[in-house]
Amino acid sequence: MAGPLRVEAGEITADEILDALREGRRVVVSTEVLGADHEVTLRHDGSQYYCDTPTTLHTHESEDEMRQCIHNQGYASAD
């Protein structure tokens, strides 16, 4: 299995992130929150999508929910 895909927030599209997740890869997004650098890990276990932030782990039931989260949090570039 390939290692995690490491990107800066806004560097790739939501489709590219979701493609990597479908392939079983984790996507580590470097982002800035309130002036501090953080890493967010996005992953998919085959049924649930996960966003593991420095303070919270939250899940999404569907690819559409995950896509919305990716856009809302600014992890992806504009499609």
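What this report covers is the structure whose coordinates are included nearby. These numbers were taken from a predicted model, which means no experiment stands behind them.

This model, assessed by the stated rule, comprises five salt bridges. Linking Glu-39 and Arg-6 is a salt bridge whose minimum nitrogen-to-oxygen distance equals 3.4 Å. Within this pair, whereas Glu-39 is found in strand β3 (residues 36–44), its partner Arg-6 is found in strand β1 (residues 5–8), the two being separated by 33 residues in sequence. For Glu-39, a relative accessible area of 45% puts it in the partly exposed group.

Under the criterion given, the structure shown has zero disulfides. Just so you know, Cys-51 is unpaired, no disulfide at all, and the nearest cysteine sulfur is the one on Cys-69, 3.6 Å from it. Its relative accessible area of 0% is what places Cys-51 among the buried residues.

Criteria and cut-off values
Residues numbered from 1 in each chain as written. Predicted model: local features only at pLDDT ≥ 70, side-chain atom pairs only at ≥ 80, totals over all residues. Heavy atoms only, no water. Salt bridge = Lys/Arg side-chain N within 4 Å of Asp/Glu carboxyl O. Helix = DSSP H or I, 4+ residues; strand = E, 2+ residues; numbered from the N terminus. Buried < 20%, exposed > 50% of the residue type's maximum accessible area, 1.4 Å probe, protein only. Disulfide = S-S within 2.5 Å.

The quantities given are spatial measurements derived from coordinates; they are silent on function.
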